Amino acid sequence: LVEQRKFRSLKELLSQMNEVDIAEFLDELDVEQEILVFRLLPKDTAAEVFTYLENTEDQEKLIGALSDRELREVLDELYLDDTVDIIEDMPANVVSRILRNTDASTRSQINQLLNYPKDSAGSIMTTEFVFLHPDATVEESFARIRSVGIDKETIYTCYVTDNNRKLIGMISLRTLMLADDDDVVQDIMETNVISANTLEDQESVAQMFTKYDFSALPVVDQEDRLVGVVTVDDVMDVMEEGA
């Protein structure tokens, strides 16, 4: 379909494929074809596919081929930790262009994550997570999850912080769903929360996931303030790299 330039049929076929399979397909194409096919993807799918591309050089060439508007659309759909992973492997001129096409708040968070040591929990965590207030009711908590959850990497586990952002508890979506609307978060949350420090070694974090069967792990700074969350997909990358 690519060779015969049957883009309508190709676009329809791509819409039925998993993002990982699309990335594998793109890896088999030459650069010109890859750019052509990438432009056929909806922006949310394109962002997901971009993170799965095996070849960093392909990512770099794609970034070079995209207009600023197209690049912004892809970056807007990426989670922060994925953007940081991409930036770490790019030359300075590409990094500069990526940062130029992000808003000031995102740029600040990216720079913060890039400042953590390469093999630390801080370097693989995401700052996009849901935190709840201990005095909120279940109904109020669901309203918050619905309002901010669309931009967060994980909503299945929510973390509870006090007014100083200190981590004091966690609560699963399952617990919230099975509770009454007027139940208060601090009465039903888990208070024995295991967390990692931003400077903790990645391998140690990976072992915690294996030991406790976590799907996400909160990350705190030196003052026990919640600053991020490591998710299982990031830990799988660490384990694969280690192996």
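Residues numbered from 1 in each chain as written. Predicted model: local features only at pLDDT ≥ 70, side-chain atom pairs only at ≥ 80, totals over all residues. Heavy atoms only, no water.

A.B. asks: Lay out the overall build of the chain in plain terms, naming residues and giving numbers.
C.D. replies: Scanning the chain from N- to C-terminus turns up 15 helices and 6 strands. Overall, the chain is about 60 × 40 × 35 Å in size when its C-alpha atoms are taken along their principal axes. Each of the 243 residues in the chain was classed as buried or not, and the buried ones make up 43%. Taking the intrachain contacts of the chain between residues at least 6 apart in sequence as the baseline, contacts between residues at least 24 apart amount to 60%. Approximately 13,500 Å² of the chain is accessible, and the part contributed by carbon and sulfur atoms is 45%. Here the chain contributes 21 positively and 53 negatively charged side chains, and the mean placements of these two sets differ by 8 Å. (Helix = DSSP H or I, 4+ residues; strand = E, 2+ residues; numbered from the N terminus. Buried < 20%, exposed > 50% of the residue type's maximum accessible area, 1.4 Å probe, protein only. Contact = heavy atoms within 4.5 Å. Areas by Shrake-Rupley, 256 points an atom, 1.4 Å probe, with all protein chains shown as cover. Lys, Arg positive; Asp, Glu negative; His and termini not counted. Charge placed at Lys NZ, Arg CZ, Asp CG, Glu CD.)

A.B. asks: Break down a negative patch on the surface for me, citing the residues and quoting the values.
C.D. replies: Side chains of Asp21, Glu24, Glu28, Glu54, Asp119, Asp201, Glu203, Asp233, Asp237, Glu240 and Glu241 sit close together on the surface and give a patch of like negative charge. If you list the elements that add at least two residues to the negative patch, you get α2 (19-27) and α15 (232-242). Residue contributions to the negative patch peak at 4 residues, all from α15. Tracing the chain through its elements places Glu240 in helix α15. By relative accessible area, Glu240 is classed as exposed at 61%. (Patch = residues over 30% accessible without salt bridge, like charges linked within 9 Å, V, L, I, M, F, W, Y side chains within 5 Å. Salt bridge = Lys/Arg side-chain N within 4 Å of Asp/Glu carboxyl O.)

A.B. asks: Go over the pattern of salt bridges, please, and point to the residues and values.
C.D. replies: A full pass over the atoms with the stated rule returns 5 salt bridges. Measuring nitrogen to oxygen at the nearest pair gives 2.9 Å for the salt bridge that ties Arg225 to Asp221. Arg225 gets classed as partly exposed once you look at its relative accessible area, which sits at 34%. By relative accessible area, which is 13% here, Asp221 ends up buried. One salt bridge connects Glu223 with Arg225, and the closest N-O pair in it is separated by 3.0 Å. Linked by salt bridges that have partners in common, Asp221, Glu223 and Arg225 make up one network.

A.B. asks: How would you sum up the side chain of Thr83? Please name residues and give values.
C.D. replies: Within the fold, Thr83 resides in helix α7 (residues 80-88). Note on Thr83: relative accessible area 5%, which makes it buried. Look past the residues within four positions of Thr83 in its chain and what remains in contact with it is Leu75, Leu78, Ile98 and Ile110.

A.B. asks: Explain the sheet that holds strand β1 (residues 129-132) to me, using residue names and the numbers behind them.
C.D. replies: Taken in spatial order, the 3 strands make up an open sheet running β1-β2-β3, and their pairing is mixed. Unpaired on one side and paired on the other, β1 and β3 (167-172) mark the two borders of the sheet. Within this sheet the neighbouring strands show an average axis-to-axis angle of 35°, counted without direction. Here strand β2 (residues 154-161) pairs with β3 via 5 bridges, running antiparallel. Each bridged residue has a counterpart across the sheet, and for Tyr159 the counterpart in β3 is Met170. Of the strands in this sheet, β1 and β2 are in contact with helix α11 (residues 138-148), which crosses β1 at around 155°. (Pairing = 2+ DSSP bridges. Axes fitted to C-alpha atoms, helices over the stretch in contact; angles between N-to-C directions.)

A.B. asks: Residue-level account of the sheet that holds strand β4 (residues 196-197), with values.
C.D. replies: Strand order in this open sheet of 3 strands is β4-β5-β6, and the pairing throughout is mixed. On the outer flanks of this sheet lie β4 and β6 (226-231), each paired with one strand and no other. Packing of helix α14 (residues 202-212) onto the sheet brings it into contact with β4, β5 (216-220) and β6, and relative to β5 it is tilted by some 140°.

A.B. asks: Tell me what's going on with the environment of Asp21, and back it up with residues and numbers.
C.D. replies: In this structure, Asp21 sits in helix α2. Here Asp21 falls in the partly exposed class, since its relative accessible area comes to 39%. Measuring from C-alpha to C-alpha, the distance between Asp21 and Glu54 comes to 12 Å, with 33 residues separating the pair along the chain.

A.B. asks: Residue-level account of a nonpolar patch on the surface, with values.
C.D. replies: The grouping of Val232, Met236 and Met239 at the surface amounts to a nonpolar patch, some 250 Å² of accessible area in total. Tracing the backbone shows Met236 in helix α15.

A.B. asks: Residues and numbers for the confidence of the model for the chain, please.
C.D. replies: Averaged over every residue, the pLDDT of the chain is 90; residues scoring 70 or more account for 100%. Helix α9 (residues 104-114) is the least confidently modelled element of the chain, averaging 83 in pLDDT, while helix α13 (residues 185-188) averages 97, the highest of any element. (pLDDT = per-residue confidence, 0-100.)

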